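Commentary on secondary and tertiary structure
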Amino acid sequence: SKIAPLRILSIDIECASTGHFPNPKNDPVIQISNICIEFGVNNNAPIVQKLFSYKPCADIVGVDVHSYQSEAQMLREWRAFVKDIDPDIITGFNINMFDIPYLINRANELNVKEFPFLSRIITTQSKVKHKTSKVKGFMNRDNIDINIEGRIILDMYTYVLREQKLRSYSLNNVSFQF
């Protein structure tokens, strides 16, 4: 028997950084890349490949590139895109600990009030909650919990970390291994 197709949105963000690591209080999101497929339909061919860019960006073959002069406007348009594409699953690499919290916190800094309403329940606001848990009784691990009701967040970094023993969990090494 067949299951209903799942709409899967894979995202990645790029940020400008004034320091060693980007900080949503000061550092802008400069690009949000997206690819969306319907799992089980048309050999999983992408239905959308879209890039949101703060400031002009060169064209990319096969990608719908949208550039904005305002970072706040780019974030508004990306949120509208997510609501319109209506994914069942949002995935990426380290999106739970970095990409999604960064987008929510950056939108907050820019006073984009509608941004955190990403769930399928239109009145539910997505929030970033920090949690600390003990690992094997002696080590503390910081975790971030994000609620986006009606959508599954599948972070490939977290999955690989739990399921594989690797010498490094960097995106480059994980890509090389798999």
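See the structure shown above.
Cut-offs used in this document
- Residues numbered from 1 in each chain as written.
- Predicted model: local features only at pLDDT ≥ 70, side-chain atom pairs only at ≥ 80, totals over all residues.
- Heavy atoms only, no water.
- 1 Å grid on protein atoms, 1.4 Å probe; cavity = no way out; pocket = protein on both sides within 12 Å on 5 of 7 lines; lining within 4 Å.
- Points joined across faces, edges and corners; volume = space filled by probe spheres on them.
- Salt bridge = Lys/Arg side-chain N within 4 Å of Asp/Glu carboxyl O.
- Helix = DSSP H or I, 4+ residues; strand = E, 2+ residues; numbered from the N terminus.
- Buried < 20%, exposed > 50% of the residue type's maximum accessible area, 1.4 Å probe, protein only.
- Contact = heavy atoms within 4.5 Å.
- Polar contact = N/O pair within 3.5 Å; in protein donor to acceptor, adjacent residues only side chain to side chain.
- Pairing = 2+ DSSP bridges.

1. Focus on empty space enclosed by the protein
- This structure, assessed with the given rule, holds 1 cavity of 30 Å³ or more.
- Put simply, the largest cavity is a space of about 40 Å³.

2. Points about the pattern of salt bridges
- In this structure the tally under the stated criterion is 7 salt bridges.
- In this structure, the salt-bridge partner of Glu-38 is Arg-7, at a minimum N-O distance of 2.6 Å. Taken together, the residues Glu-38 in strand S2 (residues 29-39) and Arg-7 in strand S1 (residues 6-15) connect sequence positions 31 residues apart.
- Using a relative accessible area of 22% as the deciding quantity, one classes Arg-7 as partly exposed.
- Across the pair Asp-86 and Arg-151 runs a salt bridge whose closest N-O atoms are separated by 2.9 Å. With a gap of 65 residues between them, Asp-86 in the loop between helix H1 (71-85) and strand S5 (89-92) and Arg-151 in the loop between strand S7 (139-146) and strand S8 (152-155) connect regions that are remote in the sequence.

3. Quick look at the environment of Asn-44
- By the element assignment, Asn-44 lies in the loop between S2 and strand S3 (46-54).
- Since its relative accessible area comes to 31%, Asn-44 is described here as partly exposed.
- Ignoring anything within four residues of it in the chain, the contact list for Asn-44 reads Ile-37, Glu-38 and Phe-39.
- Here Gly-40 takes part through its backbone nitrogen, which lies 2.7 Å from a polar atom of the side chain of Asn-44.

4. Here we look at the pairing of S2
- Two strands pair when backbone bridges link them, and S1 and S2 are joined in this way by 10 bridges, in the antiparallel orientation. Among the inter-strand pairings, Glu-14 is bridged to a residue of S2, identified as Gln-31.
- Direction of pairing for S2 relative to S3: antiparallel, over a ladder of 7 bridges. Bridge pairing in S3 places Ile-37 opposite Pro-46.
- Connecting S2 to the next strand, S3, in antiparallel fashion are 6 residues, including Gly-40 with a positive phi near 95 degrees.

5. What about the layout of surface pockets?
- There is about 500 Å³ of room inside the largest pocket.
- In terms of lining residues, the largest pocket is bounded by 18 residues, among which Asn-96, Met-97, Asn-143, Thr-158 and Arg-162 are the most central.
- Secondary-structure elements contributing two or more residues to the lining of the largest pocket are helix H2 (95-109), S7, S8 and helix H3 (156-163).
- Per-element accounting of the lining of the largest pocket gives the leading share, 6 residues, to S7.
- Of the volumes computed, that of the second largest pocket is approximately 280 Å³.
- Taken together, 15 residues line the second largest pocket, and the ones lying closest to its centre are Asp-12, Ile-13, Phe-93, Phe-98 and Asp-99.
- Within the residue set of the lining of the second largest pocket, elements represented by two or more residues are S1 and H2.

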